[in-house]
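Residues per chain are reported as follows:
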Amino acid sequence: MDSTELGLEELKHLRHVNRTVDDLLEEALKSRENLEQTFTRIFPELLVLAGAAGVAVTSLDEELQVQTWSKGDFGGTFPGTLLAGSRWGVRRVGPGTLVSQALDVVGTKIGAIGLFYEGDRTQVDDAARLSRLLDTIAEQLDTVLASIQTASEKHQLLVTINHFLSNRVFEVGMDQAVRALCEKVRLPGFMLVFRDAVESAALHYRTYQDGQLQFSSNGMKDPRMEAVIKQHGPSVIGAQDKKLREALGSQRAVEAVLISGVGEAHALGKILVWSGQGGFSAYTMDLLRLLASTLSQRLIDYNRERIHLSQFFSGRVIDELLKDPDYERRYLTARAEEVGILFADINGFTKICEQVLERPERIGKFVDDWSEEAVRLIHRHGGVFDKMVGDCVIGLFGPPFFTSSGAERARDAVRAAIEIQRFTREKMSTHPEISRLSEILKLPGLGVAVGVNLAPTFCGLFGPNRQYTGFSTGMNQTARLQSLGGFRETLVMECAKQSVDTLDDADLKALRYGPAQETAVKNVAAPLRYFKLLD
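One structure accompanies this document, and this report is about it. Just so you know, the residues in each chain are numbered from 1, in the order the chain's sequence is written. This being a predicted model, a pLDDT of at least 70 is required before a residue's local features are given, and a value of 80 or more before pairs of side-chain atoms are given or counted; all residues contribute to the totals for chains, interfaces and linings. Only heavy atoms go into the side-chain values, all of them from the structure, while hydrogens and water stay out.

**Here we look at the sheet that holds strand β3 (residues 89-93)**
The antiparallel open sheet is built from 5 strands, whose spatial order is β2-β1-β5-β4-β3. Looking at which strands have only one partner, the edges of the open sheet turn out to be β2 (66-72) and β3. Geometrically, the sheet is characterised by an average inter-axis angle of 20° between neighbouring strands, direction not taken into account. Strands are labelled as partners when DSSP assigns at least two bridges between them. Helix and strand labels come from DSSP, where a helix needs a run of H or I of at least four residues and a strand needs a run of E of at least two; each type is numbered from the N terminus. Pairing of strand β1 (residues 54-60) with strand β5 (residues 108-118), which is carried by 6 bridges, proceeds in the antiparallel orientation. Bridged to V55 within β5 is L115. Here helix α4 (residues 124-165) sits on the sheet and contacts β1, β3, β4 (96-105) and β5; the angle it forms with β4, its principal contact strand, is near 40°. Fitted lines through C-alpha atoms give the axes, limited to the stretch in contact for helices. The angle between two N-to-C directions lies from 0 to 180 degrees. In what follows, a contact means two residues having at least one pair of non-hydrogen atoms within 4.5 Å.

Written out as structure tokens, the structure reads:
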């Protein structure tokens, strides 16, 4: 608007209108009023300042729904209808005149505003004056409405992203969240790298191009990422580490570290986004910061779930479980199945504690070292870690998917028993404490007694802590069987051996057993029939 074209009185009036509307809007903002309250505040003043019969604004409300706010008379016509088109300017509408224009910011339409006057006000000079008046009012409303819409859009987008991230299947929710983000802002490249909750030295990643999944650590792998992770490990998610950015080449990138607490030591992972040469707007950067905060909490929840499951299952099984949003009902609800059962107990552990380890912290360290590898071997052969009772490790074979046959479950239990025996004999016997143990107890090293069984068992999550375990007569029989085992002996229940013998496997057929034995056990009705697995 060129002030040289205006008369002095009109110029003064427009400046007064500008200041008045600005003051009213500032008061509304200070009072944190919504749009309904804001227009209720300013419309009466606008009608007086403009000398109009009616005033109306059509725009998006806080819920991003099209809304029309109005006050006064529009000749019997709904003002939203009058502002719905794009016939901006001064025109006759029924018994009066409508002066209207679009509300926009940097060419982006955010709504429309109109003033209604009685009679014909379309004469050139009058129409020009009314247009200038409306333009002055619109200049003040443009920025306020745009900021409200931007905040509402941001809020709605974050609600959508939070909804997607709440998906029980983390990877699916993450893919949906990134896609939703990329529909609103331009993100040519997006990468999430995060620490494995169970194996802290391992990292997972998902890389997206224009919102579509391109590479992932559990799918199509990115050679660059694999090389960086292999060479540098978890250090790449540190706030000051630039190796991920360097791996992307010369692309312009922005990083955000995801943390679970204060300081880099609590880093869960890192978001890295790149934009080519264009950079990011303040709006996009704000969204990325909010996404990083939301994603940090989701990873905390995701890790908590993985950590709980890792008490029983291997990482591979956990990954498979978490692909199904209904995994608890489908796989972990208690059910009766034929299960391979393994009990492994360190020979002479009480004497070891009393004569060699002596102090509680040394006993705990020794048990940790042995049981960690024993559980890994159970997992390696498809088993579930049930629990430890003292120094006895219990494994179940078959859960949680029960896709193998009973014979295969017994086979896996036998194979795990063989490896636990081998590890204990060859590795744990070199433990610093064991050489002294061997001298005192006159033994060739460390040993375990193992019992293996195949029996119907009721398996699932039980108790207030939701522990995966099994209950059956077969569990009790296996405990008694293991207690019969001598130094470095593996005893296999007759039913388990018979099942294993049905499998066409050269390695299994090469196993040698001692003669069948039968032992009556206290509180067990029938004697236990079993075989000793020979070296």
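Here the narrative resumes, following the displayed structure.
**Quick notes on the pattern of salt bridges**
Whenever a carboxyl oxygen of Asp or Glu lies within 4 Å of a side-chain nitrogen of Lys or Arg, that contact is scored as a salt bridge. This model, assessed by the stated rule, comprises 31 salt bridges. Two residues, D126 and R121, come together in a salt bridge whose shortest N-O distance is 2.5 Å. The two residues D126 and R121 agree in class, both being buried. When the shortest N-O distance is used, the salt bridge between E419 and R380 registers 3.1 Å. Here R380 lies in helix α12 (residues 360-380) and E419 lies in helix α13 (residues 406-426), a separation of 39 residues in the sequence. Burial status follows relative accessibility: with a 1.4 Å probe on protein chains alone, a residue under 20% of its type maximum counts as buried, one over 50% as exposed, and anything between as partly exposed. Note on E419: relative accessible area 15%, which makes it buried. Within this structure, E27, E33 and R41 form a network of salt bridges that share partners.

**What about helix α2 (residues 35-50)?**
Along its length, α2 reaches its greatest deviation from straightness, about 30°, at I42, and the proline P44 lies no more than four positions downstream. Looking at α2, one finds that the buried residues are L35, T38, F39, I42, F43, L46, L47, L49 and A50. On its buried side, α2 packs onto α1 (8-30), β1, β2, β5 and α4. Directly after α2, the chain includes G51, whose backbone phi takes a positive value near 65°. To get the bend at a given residue, fit one axis to the seven residues ending there, fit another to the seven starting there, and take the angle between those axes.

**A look at the pairing of strand β16 (residues 490-493)**
Both faces of β16 are covered, namely the face carrying T490 and V492 and the face carrying L491 and M493. With 4 bridges connecting them, β16 and strand β19 (residues 528-534) associate as antiparallel partners. Its bridge partner being in β19, T490 is matched across the sheet by L533.

**Things to note about the nonpolar core**
Where a protein is soluble and globular, its nonpolar side chains tend to be buried together. Side-chain atoms within 4.5 Å are what join buried Ala, Val, Leu, Ile, Met, Phe, Trp, Tyr and Cys residues into a set we call a nonpolar core. Among the nonpolar cores identified, the biggest contains 51 residues, and L181, F190, F313 and Y468 are the most heavily contacted of them. Tallying contributions element by element places helix α8 (residues 282-310) first for this core, with 8 residues. Those residues within four positions of L181 in sequence are excluded, and the remaining contacts are L157, I161, L187, F190, L287, L288 and L291. Counting residues in hydrophobic clusters, the runner-up holds 34 residues, among them L342, I346, F423 and V492.

**Quick look at the packing of aromatic side chains**
Two rings belonging to Phe, Tyr or Trp (six-membered ring only in the last case) form a pair when the distance between their centres is within 6.5 Å. Interplanar angles under 30 degrees mark stacking, angles over 60 mark edge-to-face geometry, and anything in between is tilted. Under the defined criterion, the tally for this structure stands at 13 aromatic pairs. When the centroid spacing of 6.3 Å and the interplanar angle of 80° are considered together, the rings of F194 and Y302 count as edge-to-face. Here Y302 lies in helix α8 and F194 lies in strand β6 (residues 189-195), a separation of 108 residues in the sequence. Comparing F194 with Y302 shows no difference in burial state: the two are buried. Taken together, the ring pairs connect F39, F43 and W69 into an aromatic cluster.

**Here we look at the packing of α4 against α8**
Viewed as axis vectors pointing N to C, α4 and α8 meet at an angle of 30°, and their least axial separation amounts to 11 Å. One element, α4, and the other, α8, form an angle in the roughly parallel class. Like other packed secondary-structure pairs, α4 and α8 cross with a definite hand, here right-handed. Two secondary-structure elements touch here, α4 through T150, E153, K154, L157, L158, I161, N162 and L165 and α8 through Y283, D286, L287, L290, L291, T294, L295 and R298. Only Asp, Glu, Lys and Arg are considered charged in this grouping, and only Ala, Val, Leu, Ile, Met, Phe, Trp, Tyr, Cys and Pro are considered nonpolar; every other residue, Gly among them, is considered polar. A per-class count over the contact of α4 with α8 returns 9 nonpolar, 3 polar and 4 charged. Just so you know how the angles are binned, under 35 degrees is roughly parallel, over 145 roughly antiparallel, 65 to 115 roughly perpendicular, and the rest oblique. In this scheme, a crossing is called left-handed if the near helix is turned counterclockwise away from the far one by less than a right angle; it is called right-handed if the turn is clockwise.

**Points about the environment of K12**
For K12, the position within the fold is in helix α1. Placed 92 residues apart in sequence, K12 and D104 show a C-alpha to C-alpha distance of 25 Å.

**Regarding the state of the cysteines**
Note on terminology: pairs of cysteine sulfur atoms within 2.5 Å are recorded as disulfides. For the structure shown, the criterion picks out 0 disulfides. The closest cysteine sulfur to the non-disulfide-bonded C495 is located on C459, 15 Å from its own sulfur.

Geometric descriptors of this kind do not, in isolation, establish any biological role.
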